[in-house]
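Residue-level listing of the chains:
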Number of protein chains: 2
Amino acid sequence: MHKPAKVTIEDVAAAAGVSRQTVSRVINNGPNVKPAVRQRVEAMVEQLGYVPNLSARRMGGARSYLILSINDRARTFENWTSGRGNDWVDQMLYGGMSECERHNYHMVLELIDTDAGTTIPQIARAVGSLRPDGVILTPPHCDNLELVAWLERQGIPCARVGHYEGGNFVDVYMDDEGAMREVTRHLLDLGHRSIGFLAGPLNYGPSQKRRKAFREALAKAGIPPEDGPIGAGNFYFDMAVNVLETMLAAPSPPTAIIADNDKMAFAALHVAADRGLKVPDDLSVISFEDTPGVRFSVPPLTAIRQPTAAMVGKACAQLIALSKGEEGMGAFELPYEFVVRATTKAPRG
Amino acid sequence: MHKPAKVTIEDVAAAAGVSRQTVSRVINNGPNVKPAVRQRVEAMVEQLGYVPNLSARRMGGARSYLILSINDRARTFENWTSGRGNDWVDQMLYGGMSECERHNYHMVLELIDTDAGTTIPQIARAVGSLRPDGVILTPPHCDNLELVAWLERQGIPCARVGHYEGGNFVDVYMDDEGAMREVTRHLLDLGHRSIGFLAGPLNYGPSQKRRKAFREALAKAGIPPEDGPIGAGNFYFDMAVNVLETMLAAPSPPTAIIADNDKMAFAALHVAADRGLKVPDDLSVISFEDTPGVRFSVPPLTAIRQPTAAMVGKACAQLIALSKGEEGMGAFELPYEFVVRATTKAPRG
DNA sequence: ACATATTTTGTGAACGCTCTCAATTGACTT
DNA sequence: AAGTCAATTGAGAGCGTTCACAAAATATGT
């Protein structure tokens, strides 16, 4: 099992009869290379199957061609059983990898604990050894002020997904308020007058916006906030089940439920089944996430589809641009989609 | 935004009053370092916050501290809507990242097209630039003989997940035949005599094993194969719906369905709902995958839980061992779990 | 105490690239 | 035709490690 000799830039240079540096210019699309020479070099690159060694590139130059994605351990598969995990990761990955691939960048994933004490050392280690050109922060890490400040101090371009605040960052998000307005109107138009909202964590930016928009939309329709019960305060299935039990046991229970994420929407489906309520006839349900599996639920959930993959893709694209010395910082709002499936209907009577 | 000076091995050496090489020995846990010196160096590493630069390590030494995970584009989020995607990726990632983290390795993900023509060039590019210490192949790439041969020729240690064949590889899998025997017996014991199997692709190793074990288990129970209809032949929702329609329209339709993956099990739930069949009273359903979301289905699916994360974790561990010059090649069978939830019951009558 | 084996430490080279800057070539003026 | 300036090419240094040694320090045996 002898390893085939790896072809280096020198090999290509020799084969093409030019210097190392000229080959470097060609593979980096640099200016000031005669078309004929460029072509000759490219032919040799192709023929010898030359691929630049990333480590050497990093050593010599300033770029690492690496984007680091920081993911929260609590939101992974590990915590599915406790109801905390989700499959956001899947989509984020997809969005990031696709974009990186396009530019011959690579995405390295890091699993980071939510615990504030260990977050920064963990990231410091990853950043220190990898020296990525950019870091992508996903919830809840993008809201970790201490971490964000640390990264800014390191001078590493940083993108936050699902975050709104300014600063010298790439911020990518969707119009949560608009989405909530649309969803609420949908239910209002159907004739619902008592709508429950299974809200996400109070300290989670997008959830705050949705909560606010929900209240406003109800007020605008002349429904006092008391009639729009807001419950939960996290993203977990079990908690949502409890909250729902209470909501539905009230004197005039909601005829529709908006869940801040899929798992809580599933909880609504479960509780409805337990109580003999038919969805959507007796209870309408809308989710605010739409992870891929949702379309296979019984019945298929109506939901706001978050542009998760697109957001991470955009974040990558901006970071890559930045690493090339182009402009990139700023805030970017990506469009969501309202997917009406089979869990909303006019209320009975 | 001035980047903080990065501390190098020389800085640590100077601070500890030793040479570069001694520091290198300490951080690599090398032998022949006086305990007092080791301690002094370690203190300095800590104090200066030194982290070895991965690229430099790769340049100097033989290891890259990188494990490359090859993932099939068709099985990602991108293809959920067509019913091909799954959230395997989530679990694989988790398993791999956790293991890498343990050893201060990093996992780089690559999204590869299934199309045979482009697979190898794509992987060649990634392998060439990253020079990973090992490559993890997941289905369907682990069954791509041409690719496997190419990787073997490159001399890069390679792990296959969900693969059985020998060769100079790390192979990690579960006991698919045993799992199928257990599942079938469960249904048989419940009193089912007509069981349908929504099989996976014919060219997918684990599916072949399950198919074989299913036939044998039925035969052993004195049920001729005709009574255990086998359908589908891929992993998609829509196809499974069609096959089920046919199965259930037969003169003596199955009272239980075994699905080769979750999506096809969901299809069974859907078709049952459409036909007014109650699960599990009128139809029992078992899945052969158990991705995390399954526990939230209505009703929660009984399923074989594949040790997906553990398999990838094991694959990583072996590759890392190998990169350290330890033994690592071989075949490893990991235990599955049979999770009985709410979709199996004795047949009516 | 001396030679010899062993452990511990240090030195120079190498890895493959990009950077900076100098040298060459070619085109355009006058 | 010489002079000027821009476009194109090349040479040398350096990035931060580990490797293969050589050197120094210590331990062991007689």
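Look up a bit, the structure's there.
Residues numbered from 1 in each chain as written. Chains lettered and ligands numbered in written order. Predicted model: local features only at pLDDT ≥ 70, side-chain atom pairs only at ≥ 80, totals over all residues. Heavy atoms only, no water.

K.L.:
Looking at this model, I keep getting lost on the overall build of chain A. Mind explaining?
P.N.:
Looking only at helices and strands, one finds 12 helices and 12 strands in chain A. Its C-alpha atoms put chain A at 85 × 45 × 40 Å along the principal axes. Taking as baseline every contact in chain A between residues at least 6 positions apart, the subset at least 24 positions apart corresponds to 70%. Working note: accessible area of chain A is about 14100 Å², and carbon and sulfur atoms make up 51% of it. Between the mean site of the 37 positive side-chain charges and the mean site of the 40 negative ones, chain A shows a separation of 6 Å. (Helix = DSSP H or I, 4+ residues; strand = E, 2+ residues; numbered from the N terminus. Contact = heavy atoms within 4.5 Å. Areas by Shrake-Rupley, 256 points an atom, 1.4 Å probe, with all protein chains shown as cover. Lys, Arg positive; Asp, Glu negative; His and termini not counted. Charge placed at Lys NZ, Arg CZ, Asp CG, Glu CD.)

K.L.:
Explain the pairing of strand S9 (residues 284-287) of chain B here, please?
P.N.:
Remember that side chains alternate between the two faces of the sheet whenever the strand is regular. Residues and elements named next belong to chain B. Residues Ser284 and Ile286 of S9 are buried on one face, and the alternating residues Val285 and Ser287, pointing to the opposite face, are buried as well. Strand direction decides the pairing type here: strand S8 (residues 256-259) and S9, joined by 4 bridges, are parallel. Residue pairing in the sheet places Ala259 in a bridge with Ser287 of S9. Regarding the hand of the β-α-β motif, the stretch spanning S8, helix H11 (residues 262-274) and S9 is right-handed. As judged from the 2 bridges shared by S9 and strand S10 (residues 302-305), these two strands associate in the parallel manner. Residue pairing for S10: Ile286 is matched across the bridge by Thr302. (Buried < 20%, exposed > 50% of the residue type's maximum accessible area, 1.4 Å probe, protein only. Pairing = 2+ DSSP bridges. Right-handed = clockwise from strand over helix to strand, strands pointing away.)

K.L.:
What exactly am I supposed to notice about the pattern of salt bridges here?
P.N.:
Close approach of charged atoms allows side chains of opposite charge to pair. Residue and element names in this part refer to chain B. This structure, assessed with the given rule, holds 24 salt bridges over all chains. Between Arg160 and Asp171 there is a salt bridge whose closest N-O contact spans 2.8 Å. Of this pair, Arg160 sits in strand S4 (residues 158-161) while Asp171 sits in strand S5 (residues 170-174), and the two are 11 residues apart along the sequence. Arg160 sits in the buried class, given a relative accessible area of 4%. With a relative accessible area of 2%, Asp171 lands in the buried category. The closest approach of N and O atoms between Glu177 and Lys212, which form a salt bridge, is 3.4 Å. Placement of Glu177 in helix H8 (residues 176-190) and of Lys212 in helix H9 (residues 205-220) is noted, with a sequence separation of 35 residues between them. Residue Glu177 is classed as buried on the basis of its relative accessible area, which comes to 18%. (Salt bridge = Lys/Arg side-chain N within 4 Å of Asp/Glu carboxyl O.)

K.L.:
Explain the pairing of strand S6 (residues 195-199) of chain A here, please?
P.N.:
Residues and elements named next belong to chain A. For S6, the buried fraction is high: 5 of the 5 residues fall into the buried class. Where burial is concerned, the two faces of S6 agree: the one with Ile195, Phe197 and Ala199 and the one with Gly196 and Leu198 are both buried. Pairing geometry for S6 and strand S8 (residues 256-259), over 4 bridges, is parallel. What sits directly across from Phe197, in S8, is Ile258.

K.L.:
In this structure, what is going on with the protein's contact with DNA strand D? I would like to understand it.
P.N.:
Within the structure, DNA strand D sits among 28 residues, and A:Arg25, B:Ile9, B:Arg20, B:Gln21 and B:Ser24 are positioned closest to it. Backbone atoms, meaning sugar and phosphate, make up 58% of the atoms of DNA strand D lying within 4 Å of the protein. In this structure, B:Ser24 approaches DNA strand D through a side-chain N or O atom, which is 2.4 Å from a phosphate oxygen. Residue B:Ala56 places a main-chain N or O atom 3.4 Å away from a base nitrogen belonging to DNA strand D. Every element with two or more residues in the surface near DNA strand D is listed here: helix H2 (20-27) and helix H4 (54-60) of chain A together with helix H2 (20-27) and helix H4 (54-60) of chain B. For the surface near DNA strand D, a count of residues per class yields 10 nonpolar, 12 polar and 6 charged. (Near = heavy atom within 4 Å. Polar contact = N/O pair within 3.5 Å; in protein donor to acceptor, adjacent residues only side chain to side chain. Nonpolar A, V, L, I, M, F, W, Y, C, P; charged D, E, K, R; others polar.)

K.L.:
So what exactly am I meant to see when it comes to the protein's contact with DNA strand C here?
P.N.:
Near DNA strand C, the surroundings consist of 26 residues, among which A:Ile9, A:Arg20, A:Gln21, A:Ser24 and A:Tyr50 are the closest. B:Asn32 places a polar side-chain atom, nitrogen or oxygen, 3.1 Å from a phosphate oxygen of DNA strand C. In the environment of DNA strand C, a phosphate oxygen lies 3.1 Å from a nitrogen or oxygen atom belonging to the backbone of B:Lys34. Going through the elements one at a time, H2 and H4 of chain A together with H2 and H4 of chain B are the ones with two or more residues in the surface near DNA strand C. Residues that form the surface near DNA strand C fall into these classes: 9 nonpolar, 12 polar and 5 charged.

K.L.:
It is not clear to me how the side chain of A:Asp262 should be interpreted in this structure. Could you clarify?
P.N.:
As for its placement among the helices and strands, A:Asp262 is situated in helix H11 (residues 262-274). No salt bridge is formed by the buried A:Asp262. Its closest oppositely charged neighbour is A:Arg341, at 7.3 Å.

K.L.:
Mind showing me how you'd approach the layout of surface pockets here?
P.N.:
Take a probe with the size of a water molecule and roll it over the atoms, and the empty space left behind shows itself. Approximately 1400 Å³ is the volume found for the largest pocket. What lines the largest pocket is a set of 46 residues, and nearest its centre among them are A:Val51, B:Ala124, B:Arg125, B:Gly128 and B:Ser129. It is helix H6 (residues 116-130) of chain B that contributes the most residues to the lining of the largest pocket, 6 residues altogether. When grouped by side-chain class, the residues that make up the lining of the largest pocket number 22 nonpolar, 11 polar and 13 charged. Looking at the second largest pocket, its volume works out to about 840 Å³. (1 Å grid on protein atoms, 1.4 Å probe; cavity = no way out; pocket = protein on both sides within 12 Å on 5 of 7 lines; lining within 4 Å. Points joined across faces, edges and corners; volume = space filled by probe spheres on them.)

K.L.:
Honestly, the relation of the copies chain A and chain B in this entry has me stumped. Any pointers?
P.N.:
A rotation about an axis combined with a shift along that same axis relates the two copies of the chain. It takes a turn of 180° to lay chain A on chain B, together with a shift of 0.0 Å along the axis; the resulting RMSD is 0.0 Å. Here the symmetry operator amounts to a two-fold rotation axis. Interface overlap between copies: 100% of the residues of chain A at the interface are likewise at the interface in chain B, consistent with a symmetric, same-surface contact. (Least-squares fit on C-alpha atoms with pLDDT ≥ 70 in both.)

K.L.:
How should I be thinking about unusual backbone geometry in this particular structure?
P.N.:
Peptide bonds are trans in most cases, and residues, glycine excluded, mostly fall at negative phi. All names here are of chain A. The linkage connecting Val279 with the following residue, Pro280, adopts the cis geometry, with an omega of 10°. By secondary structure assignment, the location of Pro280 is in the loop between H11 and strand S9 (284-287). The phi dihedral of Asp290 falls on the positive side, at around 60°, and the residue is not glycine. Tracing the backbone shows Asp290 in the loop between S9 and strand S10 (302-305).

K.L.:
I keep staring at helix H7 (residues 145-154) of chain A and nothing clicks. Help me out?
P.N.:
The periodicity of an α-helix, 3.6 residues per turn, causes residues three or four places apart in sequence to face the same way. Residue and element names in this part refer to chain A. By the burial criterion, the buried members of H7 are Leu147, Val148, Trp150 and Leu151. Down the axis of H7, the buried set is contained in an arc of 160°. They therefore lie on one face. Those residues of H7 that are exposed and angled more than 90 degrees off the buried face are Leu145, Glu146 and Arg153. Taking the backbone nitrogen of Glu146 as reference, a side-chain oxygen 3.2 Å away marks Asn144 as the first, capping residue of H7. (Arc of directions from axis to C-beta.)

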